[in-house]
Amino acid sequence: QVQLVESGGGLVQPGGSLRLSCAASGSIISINDMGWHRQAPGKERELVAGITSGGSLNYADSVKGRFTISRDNAKRTVYLQMNSLKPEDTAVYYCNAYVRTERSSSLPYWGQGTQVTVSS
């Protein structure tokens with residue numbers, strides 16, 4: 001019913017920037033909360049940033065002031081602008097969205113993940 005397709009990951013030097021995108025497609029009635037999580041080797045998956053349907057934002061303390069989450073409802077896309085990247089930001093980043101479809105109430109969906117590597 002729903003697919004989340006991510007793009008924008010890659011290799012960047014410390015202090016550099018990347019912009020991740022995640023577009024939702026399928027039989028979508030509406031999209032509620034959207035966000036980004038990440039998982040580094042040996043660590044639990046953690047919330048990086050979230051944005052509600054009304055535009056309220058929240059960030060992990062480790063990324064405040066460096067990352068910005070935004071969404072374009074017309075494009076059904078959520079973005080994560082990552083600036084001043086640090087090696088500890090290296091992880092697989094996953095898009096998440098709560099989506100209402102023709103067949104279900106709002107349920108969580110996940111992207112496939114995109115690798116972000118910060119290294120000199």
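The notes below deal with the structure included here. These numbers were taken from a predicted model, which means no experiment stands behind them. (Residues numbered from 1 in each chain as written. Predicted model: local features only at pLDDT ≥ 70, side-chain atom pairs only at ≥ 80, totals over all residues. Heavy atoms only, no water.)

**A look at the pairing of strand 4 (residues 28-39)**
Then, in step 1: Two elements, strand 4 and strand 9 (residues 91-101), share nine bridges in a ladder whose sense is antiparallel. Residue pairing across strands places isoleucine 31 opposite valine 99, the latter belonging to strand 9.
Then, in step 2: Note that strand 4 and strand 5 (residues 46-51) share five bridges and pair antiparallel. Bridge pairing in strand 5 places arginine 38 opposite glutamate 46. (Pairing = 2+ DSSP bridges. Helix = DSSP H or I, 4+ residues; strand = E, 2+ residues; numbered from the N terminus.)

**Brief notes about the state of the cysteines**
Then, in step 1: Scanning the entire structure with this criterion turns up one disulfide.
Then, in step 2: Note on cysteine connectivity: cysteine 22 is disulfide-linked to cysteine 95, with sulfurs 2.1 Å apart. Looking along the S-S bond of the cysteine 22-cysteine 95 disulfide, the torsion reads about -85°, which is the left-handed sense. One end of the pair, cysteine 22, is in strand 3 (residues 18-26); the other, cysteine 95, is in strand 9, with 73 residues separating them in the sequence. (Disulfide = S-S within 2.5 Å.)

**Regarding the pattern of salt bridges**
Then, in step 1: Tallied over the entire structure, the rule returns four salt bridges.
Then, in step 2: Arginine 38 serves as the salt-bridge partner of aspartate 89, at 3.0 Å between the closest nitrogen and oxygen. Note that aspartate 89 is positioned in the loop between strand 8 (77-82) and strand 9 and arginine 38 in strand 4, a separation of 51 residues in sequence.
Then, in step 3: Judged by its relative accessible area of 6%, arginine 38 falls in the buried class.
Then, in step 4: Here arginine 66 ties to aspartate 89 by a salt bridge, and the two come within 2.7 Å at their closest N and O atoms. Remark: aspartate 89 occurs in the loop between strand 8 and strand 9 and arginine 66 occurs in the loop between strand 6 (57-59) and strand 7 (67-72); sequence separation between them is 23 residues.
Then, in step 5: Sharing partners across several salt bridges, the network here consists of Arg38, Glu46, Arg66 and Asp89. (Salt bridge = Lys/Arg side-chain N within 4 Å of Asp/Glu carboxyl O. Buried < 20%, exposed > 50% of the residue type's maximum accessible area, 1.4 Å probe, protein only.)

**Quick word on the side chain of arginine 38**
Then, in step 1: In terms of polar contacts, arginine 38 uses its side chain to reach the side chain of aspartate 89, at 3.0 Å.
Then, in step 2: If we skip the residues at most four places from it in the chain, arginine 38 touches Glu44, Arg45, Glu46, Val48, Ser62, Val63, Phe67, Glu88, Asp89, Ala91, Val92 and Tyr93. (Polar contact = N/O pair within 3.5 Å; in protein donor to acceptor, adjacent residues only side chain to side chain. Contact = heavy atoms within 4.5 Å.)

**Focus on the nonpolar core**
For soluble globular proteins, nonpolar side chains are generally found buried alongside one another.
Then, in step 1: Of all hydrophobic cores here, the largest spans 31 residues; its most connected members are Leu4, Trp36, Phe67, Val78, Leu80, Met82 and Tyr93.
Then, in step 2: In contact with valine 78, not counting residues within four places along its chain, are Leu20, Ser21, Cys22, Met34, Trp36, Ile51, Ile69, Ser70, Arg71 and Cys95. (Core = buried A, V, L, I, M, F, W, Y, C linked by side-chain atoms within 4.5 Å.)

**What about the packing of aromatic side chains?**
Then, in step 1: Evaluation of the coordinates by the stated rule reveals zero aromatic pairs.
Then, in step 2: A cation over a ring is seen here: arginine 45 above tryptophan 110, with NZ or CZ 4.9 Å from the ring centre. (Phe/Tyr/Trp six-rings, centres within 6.5 Å; stacked < 30°, edge-to-face > 60°. Lys NZ or Arg CZ within 6 Å of the ring centre and 35° of its normal.)

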